[in-house]
Amino acid sequence: MIIPNDPFLGTHYIGKEEQKAAREVLKSKSLFRYHGPNLLYKTDEFEKNMAKYLGVKYVLACSNGAAAIKLACIANDIGPGDEVLMSPFTFIASASSVLACGAVPKFVDIDESMNIDPLQIEKNISPQTKAILVIHMQGQPCDMRKIMAVAKKYKLVVIEDTAQALGSEINGKKAGTIGNCGAFSLQAGKTITCGEGGFLATNNKTLYERAKMYHDNGGYRIGCDYPTWENGKTIFGENFKLTELQSAIANEQLKKINKILKRQKQVYNYITQKIDLDFYHLRPAPKHSELVYSNISFIFKTEQECQKFIKYMNDRGINFNIYCSNLINQFDTFKYQQSWHHSHFPYNISKYQSSKCPKAQSLFKRVAWFSLSASLKKKHLKYIVKCLEDYKNEF
Ligand SMILES: Cc1ncc(COP(=O)(O)O)c(C=O)c1O
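Residues numbered from 1 in each chain as written. Predicted model: local features only at pLDDT ≥ 70, side-chain atom pairs only at ≥ 80, totals over all residues. Heavy atoms only, no water.

**Some remarks on the packing of helix 10 (residues 303–315) against helix 13 (residues 378–394)**
To describe two helices that pack against each other, one gives the angle between their axes and the distance between the axes. The cut-off we apply is this: Note on geometry: axes are C-alpha line fits, over the in-contact stretch for helices, and angles between N-to-C directions span 0 to 180 degrees. The way it works is that DSSP assigns letters per residue, a run of H or I at least four long becomes a helix, a run of E at least two long becomes a strand, and they are numbered from the N terminus. By the definition adopted for this analysis, an angle is roughly parallel if under 35 degrees, roughly antiparallel if over 145, roughly perpendicular if from 65 to 115, and oblique otherwise. Crossing handedness follows the turn of the near helix against the far one: under a right angle anticlockwise gives a left-handed crossing, and clockwise gives a right-handed one. Here, residues are in contact when the closest pair of their heavy atoms is within 4.5 Å.
Where helix 10 meets helix 13, the closest approach of the two axes is 11 Å, and the angle between their N-to-C directions is 135°. Judged on the interaxial angle alone, helix 13 and helix 10 are oblique. Considering the relative orientation of helix 10 and helix 13, their crossing is right-handed. Contacts from E305, K308, F309, Y312 and M313 of helix 10 reach helix 13 at C387, L388, D390, Y391 and E394.

Here is the structure:
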């Protein structure tokens, strides 16, 4: 049996509603969020609806998740000379967005949860440390209570990279709404999607306004007014705006988010309630957390055991695998401090120091992941459970 294996959660829910919304925008001929002959204000609407869903004051839609992280850094005055603490177990964009601001990441080890270890944060703080980029990996929120306590003690900014965890919660709050800013992605593999896209969430008006200006070439608009740069009132910025077409689709996807999350949880529960959890060690989640069940993962004692399990499952058409072939602190970008500029910027200003992260180095090779596709059917789940049971009985 071929078992569906893809991480494209929201993508599977693209249907008539998204098609209708996209057609309406095309018919309006107003694809730019601020002007058009018959503007439908879809981006405004998406921002309002998302702010309500997350329970925050401000949401700013932008071109992608990496842009949202960069905007969060810029808004929080993170730049050359600064160091941002983060886990090396992430997608490269988390760290590239920090480099793009002229700051450098400092990689901090993870714990069994596969997220940043709050104890290691404190040990890695230096006079250059300005912020913690908390990455809620693979749908699971970090231990925000502990992280916020360290941040408060050392007066550090907290940015939450919630690209992979829109909809997860911790201590009754949505991930991405606890630190100074949350950065989210709407890329095809995320909880909800419009192909590419992202947004920033915050309760702080100043941070929101700074990010808004930066994302619109450094101008400020109220509603659809002309930006302040029309009068020469400028500050450096870039163009990170989302289009009306994307926003219309994202808006329809947002209406489906509870359905998407509920279905994923049912799938995860179906499997975990039927297998022996003394044999299969699940990734531990922090107390009082609600996950985005985009995947299931098992931690093994050794790399060999993990590989044996992966092969067994792959031979039966179930595509378990390790998450990545390398941690990002081992990528050339950091190993050789690769820069686009002959001056070696930003490494020449913010002194990058490599760090070993032994726990992450050992764990990422010992954890087998399987993406819980939104198209998994009961027959697939039964088969997966049977294979997991068979493996346990054979070994
Ligand atoms: C953890 C993490 N951070 C940031 C990003 C960047 O998001 P985007 O692809 O929308 O730029 C991703 C995207 O996959 C991600 O997984």
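**Some words on the site of the ligand**
What counts here: To be near a molecule or strand, a residue needs just one of its heavy atoms within 4 Å of it. Pairs of N or O atoms are called polar contacts if they sit within 3.5 Å, as long as, within protein, a hydrogen donor faces a hydrogen acceptor (for residues adjacent in sequence, only side-chain-to-side-chain pairs). Only the protein chains shown count as cover for residues, and all accessible areas are computed by the Shrake-Rupley method using a 1.4 Å probe. Note on residue categories: nonpolar means Ala, Val, Leu, Ile, Met, Phe, Trp, Tyr, Cys or Pro, charged means Asp, Glu, Lys or Arg, and polar means any other residue, Gly included.
As a structural note, the neighbourhood of the ligand is formed by 16 residues, with G65, D161, Q164, S185 and K190 the closest of them. Interatomic distance of 2.7 Å between a side-chain N/O atom of S185 and an oxygen atom of the ligand. Interatomic distance of 2.7 Å between a side-chain N/O atom of K190 and an oxygen atom of the ligand. For the ligand, the protein covers 90% of the area, taking 380 Å² as the surface of the free molecule. The set of elements that each furnish at least two residues to the shell around the ligand consists of helix 3 (65–75) and helix 4 (92–99). The element that contributes the greatest number of residues to the shell around the ligand is helix 3, accounting for three residues. Partitioned by chemical class, the residues of the shell around the ligand number six nonpolar, eight polar and two charged.

**Here we look at the sheet that holds strand 6 (residues 169–170)**
Short version of the rule: Strands pair, by our definition, only if DSSP identifies at least two bridges between them.
Read from one edge to the other, the open sheet built from three strands follows the order 7-6-11, with strand pairing classed as antiparallel. At either end of the open sheet lies a strand with only one pairing partner, and these are strand 7 (173–174) and strand 11 (289–290). Where strand 6 meets strand 11, two bridges bridge the pair, whose relative direction is antiparallel. Note that in strand 11 the partner of E169 across the bridge is E290.

**A closer look at the pattern of salt bridges**
We count it as follows: Each reported salt bridge corresponds to a side-chain nitrogen of Lys or Arg within 4 Å of a carboxyl oxygen of Asp or Glu. Here the term buried applies to any residue with accessible area under 20% of the maximum for its type, exposed to any over 50%, and partly exposed to those in between, with areas from a 1.4 Å probe on protein chains only.
If you walk through the whole model with that rule in mind, you get 22 salt bridges. Between E24 and K20 there is a salt bridge; the shortest N-O distance is 3.5 Å. Here K20 and E24 lie together in helix 1 (residues 16–28), a separation of four residues that amounts to about one turn. Classification of E24 by relative accessible area gives partly exposed; the value is 33%.

**Brief notes about unusual backbone geometry**
Residue P346 follows F345 across a cis peptide bond; omega there is 0°. Relative to the elements of secondary structure, P346 occurs in the loop between helix 11 (332–335) and helix 12 (358–363). With a phi angle near 55°, N217 is a residue other than glycine that sits in the positive phi range. Tracing the backbone through its elements, the reader meets N217 in the loop between helix 7 (205–215) and helix 8 (244–255). Notably, H344 is not glycine yet its phi reads approximately 80°, a positive angle. The topology assignment puts H344 in the loop between helix 11 and helix 12.

**Regarding the pairing of strand 3 (residues 104–107)**
Note the threshold: Looking down the strands as they point away from the viewer, one classifies a crossover as right-handed if the path from the first strand across the helix to the second runs clockwise.
Of the two faces of strand 3, the one lined by V104 and K106 and the one lined by P105 and F107 are each fully buried. As paired elements, strand 2 (residues 83–86) and strand 3 share four bridges and run parallel to each other. Bridging across to strand 3, E83 finds its partner in V104. Read from strand 2 through helix 4 to strand 3, the crossover connection turns out right-handed.

**Quick notes on the packing of aromatic side chains**
In plain terms, the rule: Pairs were defined over the aromatic rings of Phe, Tyr and Trp, the Trp ring being its six-membered one, requiring ring centres within 6.5 Å. Orientation was assigned from the angle between planes: stacked under 30 degrees, edge-to-face over 60, tilted for the rest. Lysine and arginine charges are scored as sitting over a ring when NZ or CZ, respectively, is within 6 Å of the ring centre and within 35 degrees of the ring normal.
Applying the stated criterion across every chain, the model contains 27 aromatic pairs. Grouping aromatic residues by their ring pairs yields a cluster made of F279, Y280, F298, F300, F309, Y312, F320, F370, Y391 and F395. The side chain of K274 reaches across the aromatic face of Y270, ending 4.1 Å from its centre.

**Considerations on the side chain of S355**
Structurally, S355 can be placed in the loop between helix 11 and helix 12. A polar contact of 2.7 Å, which involves the side chain of S355, links it to the backbone oxygen of F107. Filtering out sequence-adjacent residues up to four positions away, S355 remains in contact with F107 and N329.

**Overview of the sheet that holds strand 1 (residues 58–62)**
Taken in spatial order, the seven strands make up an open sheet running 1-9-8-5-4-2-3, and their pairing is mixed. Every other strand in the sheet has two partners, leaving strand 1 and strand 3 as the edge strands with one partner each. The sheet shows a mean angle of 25° between the axes of neighbouring strands, taken without regard to direction. As judged from the three bridges shared by strand 5 (residues 157–161) and strand 8 (residues 181–185), these two strands associate in the parallel manner. Across the sheet, D161 pairs through a bridge with A183, a residue of strand 8. Of the strands in this sheet, strand 1, strand 8 and strand 9 (198–202) are in contact with helix 2 (residues 42–54), which crosses strand 1 at around 135°. Contacts from helix 7 reach strand 1, strand 8 and strand 9 within the one sheet, and its direction differs from that of strand 1 by about 15°.

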